[in-house]
Each structure stands twice: as structure tokens, then as C-alpha cells.
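Understanding the architecture of this molecule
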Amino acid sequence: MEQATALVSFDVQRVREDFPILSRTVNGKPLVYLDNGATTQKPKQVVDAIQAYYTDINSNIHRGVHHLSQLATDAYEITRRKVREFINAGHEHEVILTPGTTHGINLVASCYGKAFVKPGDEIIISAMEHHSNIVPWHMLCEDRGAVLRIIPVTEEGELDMETYRSLLNERTKLVAVTYVSNALGTINPVKELIALAHRADVPVLLDAAQAIQHLPIDVQALDVDFLVFSGHKMYGPTGVGVLYGKEKYLEAMPPYQGGGDMIKEVTLTKTVYNDLPFKFEAGTPNIEAGICLADAIDYLNEIGLDRILAYEHDLLEYATERMLEIPGLRIIGTAKEKSSVISFLVEGTHPYDVGVILDKLGIAIRTGHHCAQPLMDHYGIPGTARASLAMYNTVEEIDALVAGIARAQAMLV
Amino acid sequence: MTINEIQDELIDDFSFFEDWMEKYEYIIQLGKELPLIDEQYKQDEYLIKGCQSRVWLHAAQQDGKVVFTADSDAVITKGLVSLMVKVLSGHSAEAIAKSDLYFIDQIGLKEHLSPTRANGLVSMVKQMKLYAAALQAQA
């Protein structure tokens, strides 16, 4: 098979050298890590930075008067600046550092909900959402007496945009949708989605957890109102994430958690809240994760998200072609625009069984409902086996996956 | 045979397998051979919660012993389930409630007993013991 250009020009072996864990073995076989949708591995630049934080500057931030605390605070705020640049946010104070995507969505559901959502109002989500972008909205609707409306998903795993149009009305207060589906790999037409919502005067939250590491994101160009993602899925540390929000909304929203750092002044009778972004950053955060997220961003910028996108696109194409060679293999999620995810079923087998056998061969995939039970119900399946790619995966690893699936098939069917 | 005697026999059987593939082929074979649970018991109320694959379990009293039948839609799970049934079915409620299932670890399948969301084996063992305890209390 003719190799697409990006597969040849991207120096994936050079990238792999930066990821020590990729040379380990599992069950006596070389690790083939294809569970990047769950979490990505970290380059030694990030691992070393975490260690250096603890050996050199560990100190609490935003509080101290001494030198180390100044160093730590500066480093933390450098991350905020780098995130702002990375997603092209208008202001640094529109970048809230959170524990992760789930926290960010819960924050918006709670605080935007308190400020803007009344009984009878409507929230729109889609049928392909991750539970973290479903449950907070269930809770909001229950709490505020609002109604949840669902954008249906087509057989190919794309959003039914016709129905979406008809769902928007004067009671709609927010649209919350995933940019890239973790279960299907579908890249949603977010620009169109946002434009339609804005025409109806409705803000949009994008769950970018599966997009931030694969596609360049410009929040001003998208004109998105809220955007959430996690550090650990973009080669950064676990325990840090970002909530981007337009100033006008964040200013109007009450705080989420109360405590230290998010206050300006506290007396026994009242509290004056701090300005953005600190209003939404109560307590001591995961400092080392926050600081070292900057190193992950630097690493990505050095390689170039455009080059990563091109390589991953060609790798996905290769993987799709090879997997479709397997008789009885069905890919779930066949949208025209996809990113780095192949969910599949092998006829006559349960995905769990396939996952167990692949694991014995050193191949790490994910099986199950992928925190998207409504989506699995929609397809009438118990779950899928999912291979999710990253920029350090190779053509050889795809070949190993295909051979592994064939072997599992031989054992199980 | 007592529960522990059955376990020891299984451990002995499994010691002949040279690699993981032989072991899993055997488990898959067991899974394919396990007598299917009566269709009427493949209902939600007999489903073990907390597994990726669906596991149905039914327990009944027969001549003072607890008899289990079970099924799963994932064949490896089904094989493991058939091992559990082989060990625990046909014994007194008391013996089941007290049992220590050391064979899973000893035959090298400990990962299937780990309390992650992925496998229902932990839930199933719990459920079997719960049934036994409930039947014991009834007696």
C-alpha cells in the first residue's frame, strides 16, 4: 500500500524517544499503547519538569512573600499565559485553571445555571456526549426545573443538524456539545453549530477533551463561549485542566467553590469575591500539574500541531483501511470528518473478550461503553473495542493491532 | 468433593498449561460448553450489576444445597463464570458463605478479580455469597 506523505515525513521514532514508557514491555511483549483517548503518555520533558518542580521551587502560590513562592507563582501564571496563546483566548483572565474537564463542565452547569437558567428553560446536548457532558446538565435541569433537549446522532455517528436547528428556541439557554467524540472519533461541525446558536442568542460550551491534542483550536475564531479540556490528554500531567469562558459570562456567574484565594475580603458577616480568574480558583490547586502543563504546551508547539494533525490523519486512514480488511469487523463511527479514534466490533465476539486477548499481546485498547451509555444504547450494542491514536503511534503498531484482532477472532469465534 | 477439593483439582488442571494462550483457549472452551441458563432467567433482575459484559446468575435451593446457573454474553467471562459455578454450586449455603476462593489467584487469573469496572467477577462472587447468606438465613 502506498504510504501517505505525512506518514513518511513525520519523524515518529524521534518523538517516541522522548517517551520512555513506550519502550517497556507488557506481558512479555512490547507495549502497543492505543488507549490515548483515556490518557496520553508524557514526554520526559514533562516528567523532568514535575521532578524539578519538587526539587527546586515547590511552594504554595498566590500567597507568599518569599522567593520560592514567587518562583512558583510566576511559573503557574506562565502556564495561564501559554494556555491563552495556545487557544488564542482574548484575555488571560478568561483562562480558568481547573482540576480537569469534568470539573469545568460542572462549574459552568452550576454557576451559569444559577445566573441564567430559570424553570422551563432548555439546555441542548447531543446523544453522543461523554457522561461528564451529560450528568452535570441532568443535575442542573433537576435543580432549576429546566428541560434537557437532545441532538440525535445519525447511523454514521454525525450530529443531525436539521433537528438541531429545530431545537433552538427562545427558551434555549445553552448548547453543550463535544468537539470530537471520544467513542466515535467524529469531529463535529462546531463553527456551524456555534453560528446557529448565536443567531438564536444562545451561548455554546464545547467539550474539547478529545480535540485539544489533535486539532489547532482558536477560541476567538470559533467564537465559542465556553471551552473545556484536560492536561492529561494532551501529554501533560493529570489533575489540571482548563475552562475558557468569555469574560462577559464569567463576570456574571457566581463563584463555584468557596475558600481561600477566590476572595478579596472576608469578614464574619460577608465576603467580597476576587476578580477573574481567581474567583473560580478556590484553594490550593494541583500546583505541579498546573506549572508543568506549560511544558506539555511547549512540547506540542515545538513539534507543531499542524504536523501532528497531518500525521494522525494519515495514520487513522491507514488504520481504518487495514482494519476493514478483517472479515466480520465493523467500525462504529464512520463520519466523514474523524479524529484518531476507531471503535469497532468483531462479529461473534464481545468487545471485552477482544480486549483481554489484545492485552495478553501487549496491546492496550479500551473496551466498554466509554462513558457514553446513551450512545451505545442508540446503536443497540453493549459497547465497543476502541483504539485511540496519538502522535507517537506507528504504522507498525497498527499492523500489530490488526494481527492481534485476527488472533483474537481465531480464538473466540 | 468439598469446595476446597474442587479448587485444588482446578489448580492442578491449570498447572499443565504452558502459556496464556493455552489457558485462555481452555477458558473459552469452558465458556462455550457451559449449559445455558434457563431463558426465563435472562432478565434484568438476575443481571449482575457492575460489569462490562452481561452476567446473569440464578440461585435455587435443592435438597438443602444451593445450585447456581449462570451465563454471560462475553465468552471469556462465561468461562470464568463456569469455573465459579463448578466450585460453588451444589454445596450448603454455609459452606459457600464461608468459602475463600483462592483458586483464581493460583491459576493466574487474579487480574479478573480486581475491582475495576471492567469485570463482573468480583460482583458475581459477592452475589453468590449474598444468595448463600440469604438462603442460610431463610433456613
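Residues numbered from 1 in each chain as written. Chains lettered and ligands numbered in written order. Predicted model: local features only at pLDDT ≥ 70, side-chain atom pairs only at ≥ 80, totals over all residues.

For chain A, the helix and strand inventory stands at 15 helices and 17 strands. What you see for chain A is a C-alpha radius of gyration of 22 Å, in line with the 22 Å of a compact globule of 413 residues. C-alpha atoms of chain A, sized along the principal axes, occupy 70 × 55 × 35 Å. Taking as baseline every contact in chain A between residues at least 6 positions apart, the subset at least 24 positions apart corresponds to 70%. (Helix = DSSP H or I, 4+ residues; strand = E, 2+ residues; numbered from the N terminus. Rg over C-alpha atoms; globule rule 2.2 N^0.38 Å. Contact = placed C-beta atoms within 7 Å.)

With that settled, consider the domain arrangement of chain A. Residue and element names in this part refer to chain A. For chain A, the domain assignment lists domain 1 (5-44 + 304-412) and domain 2 (47-302). Taking only C-alpha atoms, the centre of domain 1 and the centre of domain 2 are 27 Å apart. In this complex, domain 1 contributes 28 residues to the contact, which on the side of domain 2 involves 32 residues. Of all the secondary-structure elements, those providing two or more residues to the side of domain 1 that touches domain 2 are helix 12 (305-324), strand 14 (341-346) and helix 14 (373-379). (Domains from an automatic or database assignment.)

This part is about the sheet that holds strand 17 (residues 384-388) of chain A. All names here are of chain A. One open sheet holds the four strands; their spatial order is 13-14-17-16, and the pairing between them is antiparallel. Strands with a single pairing partner mark the edges of an open sheet, and in this sheet they are strand 13 (329-332) and strand 16 (366-368). Geometrically, the sheet is characterised by an average inter-axis angle of 30° between neighbouring strands, direction not taken into account. Sheet topology note: the strand 14/strand 17 ladder contains four bridges and is antiparallel. Pairing of V341 across the sheet is with S388, part of strand 17. (Pairing = 2+ DSSP bridges. Axes fitted to C-alpha atoms, helices over the stretch in contact; angles between N-to-C directions.)

Contacts between the two partners involve 13 residues from chain B and, on the opposite side, 12 residues from chain A. The element that contributes the greatest number of residues to the side of chain B that touches chain A is helix 2 (residues 20-33) of chain B, accounting for four residues. Of the residues belonging to the side of chain B that touches chain A, the class tally is seven nonpolar, three polar and three charged. (Nonpolar A, V, L, I, M, F, W, Y, C, P; charged D, E, K, R; others polar.)

On to the packing of helix 12 of chain A against helix 15 (residues 395-412) of chain A, then. All names here are of chain A. Across the interface, helix 12 lies against helix 15 with an axial gap of 10 Å and an inter-helix angle of 25°. Comparing their axes, helix 15 and helix 12 come out roughly parallel. As for how helix 12 packs across helix 15, the hand of that crossing is right-handed. Contacts between helix 12 and helix 15 involve Y318, A319, R322 and M323 on the former and, on the latter, V395, I398 and V402. Residues of the contact of helix 12 with helix 15, tallied by class, amount to six nonpolar, no polar and one charged. (Parallel < 35°, antiparallel > 145°, perpendicular 65-115°, else oblique. Left-handed = near helix turned anticlockwise from the far one by under 90°.)

So, about the environment of A294 of chain A. Structurally, A294 of chain A can be placed in helix 11 (residues 287-303). Residues A294 of chain A and L268 of chain A, spaced 26 residues apart in sequence, show a C-alpha to C-alpha distance of 38 Å.

The next point concerns the packing of helix 4 (residues 67-87) of chain A against helix 11 of chain A. All names here are of chain A. Remark: helix 4 packs on helix 11, axes separated minimally by 8 Å, with the N-to-C direction vectors making an angle of 45°. Taken together, helix 4 and helix 11 sit at an angle that is classed as oblique. For helix 4 against helix 11, the interelement crossing comes out left-handed. Contacts between helix 4 and helix 11 pair A72, A75, Y76, I78, T79, K82, V83 and F86 from the former with I287, G290, I291, L293, A294 and I297 from the latter. The class makeup of the residues in the contact of helix 4 with helix 11 is 11 nonpolar, two polar and one charged.

Further remarks concern the pairing of strand 9 (residues 226-230) of chain A. All names here are of chain A. For strand 9, a buried count of five out of five residues is recorded, marking the element as mostly surrounded by other parts of the structure. The alternating pattern of strand 9 places F226, V228 and S230 and L227 and F229 on opposite faces, both of which are buried. As judged from the three bridges shared by strand 8 (residues 204-207) and strand 9, these two strands associate in the parallel manner. Within strand 9, the residue paired with L206 across the bridge is L227. Sheet analysis places strand 9 next to strand 10 (residues 241-245), joined by five bridges and oriented antiparallel. Paired with V228 across the two strands is L243, which belongs to strand 10. (Buried ≥ 20, exposed ≤ 12 C-beta atoms within 10 Å, placed from the backbone.)

Take the sheet that holds strand 5 (residues 122-126) of chain A next. Residues and elements named next belong to chain A. Here seven strands make up an open sheet; going across it, the order is 4-10-9-8-7-5-6 and the pairing mixed. On the outer flanks of this sheet lie strand 4 (95-98) and strand 6 (147-151), each paired with one strand and no other. Direction aside, the axes of adjacent strands within the sheet are offset by 20° on average. Of the strands in this sheet, strand 4, strand 7 (172-178), strand 8, strand 9 and strand 10 touch helix 5 (residues 101-116), which is tilted by about 155° from strand 9. Against the sheet, helix 8 (residues 190-199) makes contact with strand 7 and strand 8, and its axis sits at roughly 160° relative to strand 8, the strand it touches most.

On the secondary structure map, Y392 of chain A appears in the loop between strand 17 and helix 15. Residue contacts for Y392 of chain A: discarding those within four places in its chain leaves V12, V15, R16, F19 and L22 of chain A.

As a further point, take helix 8 of chain A. Residue and element names in this part refer to chain A. Burial in helix 8 covers these residues: V190, L193, I194 and A197. Buried residues of helix 8, seen end-on, are gathered within an arc of 95° and therefore sit on one face of the element. Across helix 8 from its buried face, at more than 90 degrees, point the exposed residues K191 and R199. Of the surrounding elements, those touching the buried residues of helix 8 are strand 7, strand 8 and helix 9 (219-222). Within two residues after helix 8, D201 carries a phi angle of roughly 65°, on the positive side. (Arc of directions from axis to C-beta.)

So, about the pairing of strand 2 (residues 65-72) of chain B. Residue and element names in this part refer to chain B. Pairing between strand 1 (residues 55-62) and strand 2: eight bridges, direction antiparallel. Note on strand 2: the bridge partner recorded for L57 is A70. The antiparallel hairpin formed by strand 1 and strand 2 contains two residues in its connecting segment, where D63 sits at a positive phi of about 50°.

Each neighbour pair has its own omega, and for L276 of chain A with P277 of chain A the value is 0°, a cis peptide bond. Along the chain, P277 of chain A falls in the loop between strand 12 (271-273) and helix 11. Even without glycine at this site, D63 of chain B takes up a positive phi of about 50°.

Right, let's talk about helix 11 of chain A for a bit. Residues three or four positions apart in an α-helix share a direction because the helix packs 3.6 residues into each turn. Residues and elements named next belong to chain A. Look at helix 11: 25 Å from first C-alpha to last across 17 residues, which is about the 24 Å you get at 1.5 Å a residue. With 13 of its 17 residues buried, helix 11 lies for the most part within the structure. G304, located one to two residues past helix 11, shows a positive phi value of around 100°. (Expected span 1.5 Å × (residues − 1).)

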